[in-house]
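Now for the letters of each chain:
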Amino acid sequence: LRNEESMRRKLHNTIQELKGNIRVFCRVRPLLGEEKEASTSLPLSFPDCDDKNEIELVQSSENALGKSTSKSFPFKFDRVFAPDSSQDAVFDDVSQLIQSALDGYPVCIFAYGQTGSGKTHTMQGPDTISASDMDADILGIIPRAVKQIYENTGKLAERGWEYTLEGQFLEIYNETLQDLLAPTGRGDKQASDKQAKLDIYQDNDGHTRVKNLTMVKVDSAERVHWLLARAAENRTVAATNCNERSSRSHSVFTLFLHGKNTLTGESSTGVLNLIDLAGSERLSNSGSSGDRLKETQAINKSLACLGDVIAALAKGNRHIPYRNSKLTHLLQESLGAGNSKTLMFVCVNPSPGSTQESLCSLQFATKVNSCQIGTARRQAA
Ligand code: ADP
Ligand code: MG
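Structure report, in brief.

Reading guide: rules and limits
Residues numbered from 1 in each chain as written. Chains lettered and ligands numbered in written order. Predicted model: local features only at pLDDT ≥ 70, side-chain atom pairs only at ≥ 80, totals over all residues. Heavy atoms only, no water. 1 Å grid on protein atoms, 1.4 Å probe; cavity = no way out; pocket = protein on both sides within 12 Å on 5 of 7 lines; lining within 4 Å. Points joined across faces, edges and corners; volume = space filled by probe spheres on them. Helix = DSSP H or I, 4+ residues; strand = E, 2+ residues; numbered from the N terminus. Nonpolar A, V, L, I, M, F, W, Y, C, P; charged D, E, K, R; others polar. Core = buried A, V, L, I, M, F, W, Y, C linked by side-chain atoms within 4.5 Å. Buried < 20%, exposed > 50% of the residue type's maximum accessible area, 1.4 Å probe, protein only. Contact = heavy atoms within 4.5 Å. Near = heavy atom within 4 Å. Polar contact = N/O pair within 3.5 Å; in protein donor to acceptor, adjacent residues only side chain to side chain. Areas by Shrake-Rupley, 256 points an atom, 1.4 Å probe, with all protein chains shown as cover. Sits in = over half its atoms within 2 Å of the grid points.

### With respect to the layout of surface pockets
So, step 1. Quantified by volume, the largest pocket comes out at close to 820 Å³.
So, step 2. Lining the largest pocket are 41 residues; nearest its centre among them are Gly116, Lys119, Thr120, His121 and Asn243.
So, step 3. For the lining of the largest pocket, the secondary structure elements donating two or more residues are strand E1 (22–28), helix H4 (119–123), helix H7 (223–238), helix H8 (242–247) and strand E12 (250–261).
So, step 4. Here the lining of the largest pocket takes 5 residues from H8, the largest share from any one element.
So, step 5. Residue classes in the lining of the largest pocket are distributed as 11 nonpolar, 19 polar and 11 charged.

Given below as structure tokens:
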């Protein structure tokens, strides 16, 4: 059994590397409520029904003479999820990477897209989940991942593996870190003082850590509900309009998976990062000033920096510009380790009014998709 388990780990990793250590999935959400009546024809279509990896965007515009012209942009990703795709179907394609984290690899899963395109729905599901929702269809990747990890650690225990799981959850707003798992308390002076001192540093073993950040032992699959509830509460404390605030910040959920095999003495540490990025929409240049302008600049800079880091890794550059943003600095270890695995969801709002933003998102995703890191790149060369 022991040999079989080592073999399974090796084979699983080989398959993951062949699929590429950077993958891009596109997910288009359904039209909601009023959007349905307002939209007669969609700017998006899904040409290839078999491979489920193509999407085409049509941009229509009227010229000065009132004649309408349209231009089509075809895109291809590792996987395209049409609006009718369930959370279950999406997770099906993600679960292999969760297994990689259990096997001791660093994994990053990002959700990218404009506000309202379905990032939070994909990563988390509804804002508040009760324990009785554990099997509900609406759950997103975070609760499903934790559940899968618990099911698998049970099986691995038969082969001598014991796991301890620790979680952290933070938000990056205007390049400052906020602890989403800190003890809550409105107007609590001490709590807000502590928030100010979060700092990214390298520990003695070279691991990226955050000073003063709350680490929570995740000792049951249900614990994730407590964790998400506390994060939601901390978000409301931090902002009067917490929906708006959370769309302007990156939220990073990190699970450390420490495994030890009591039979063989082997050990492994995997890291699973699930990241709900800030809305990628660009504000029109006119009319944005003050705080809004500062926010937008911080978001643009950090999203661009994420793209730069991925591109630099893919090219095998000596210098990787992790330090150019808090997000990439925080994720340095998970993105750059030789065996790390990255998946980016590009989330798309299908409404005709969002065509321009959708085009930008798909173009950003295409740039990421053209990157290959690690073994897959060497084999392709
Ligand atoms: P974002 O986090 O990108 O701003 P949300 O995840 O909050 O977007 O999604 C915006 C709205 O669309 C929410 O009301 C959400 O419930 C709904 N939604 C998003 N994706 C889906 C989907 N695949 N199916 C049904 N509703 C969805
Ligand atoms: Mg959101």
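### Overview of the nonpolar core
Across soluble globular proteins, nonpolar side chains show a tendency to be buried alongside one another.
So, step 1. Counting 49 residues, the largest nonpolar core has Cys26, Ile55, Phe77, Phe110, Leu335, Met344 and Leu362 as the members making the most contacts within it.
So, step 2. Examining the composition of this core, we find that 9 residues originate from one element, helix H9 (residues 290–315), more than from any other.
So, step 3. Ignoring sequence-local partners within four residues, the contact set of Cys26 consists of Ile55, Phe77, Arg79, Val80, Phe81, Val346, Val348 and Leu362.
So, step 4. Among the nonpolar cores identified, the runner-up in size contains 39 residues, and Val90, Val94, Ile109 and Leu180 belong to it.

### Quick notes on the site of ligand 1
So, step 1. Lining the immediate surroundings of ligand 1 are Arg27, Arg29, Pro30, Leu32, Gln114, Thr115, Gly116, Ser117, Gly118, Lys119, Thr120 and His121.
So, step 2. Separating an oxygen atom of ligand 1 from a backbone N or O atom of Gly118 is a distance of 3.1 Å.
So, step 3. In this structure, an oxygen atom belonging to ligand 1 sits 2.7 Å away from a main-chain N or O atom of His121.
So, step 4. Expressed as a share of its isolated accessible area of 550 Å², the protein-covered part of ligand 1 is 68%.
So, step 5. Because more than half of its atoms lie within 2 Å of the grid, ligand 1 is assigned to the largest pocket.
So, step 6. Considering every element that reaches the shell around ligand 1, the biggest residue donor is H4, with 3 residues.
So, step 7. Its residues assigned to classes, the shell around ligand 1 shows 2 nonpolar, 7 polar and 3 charged.

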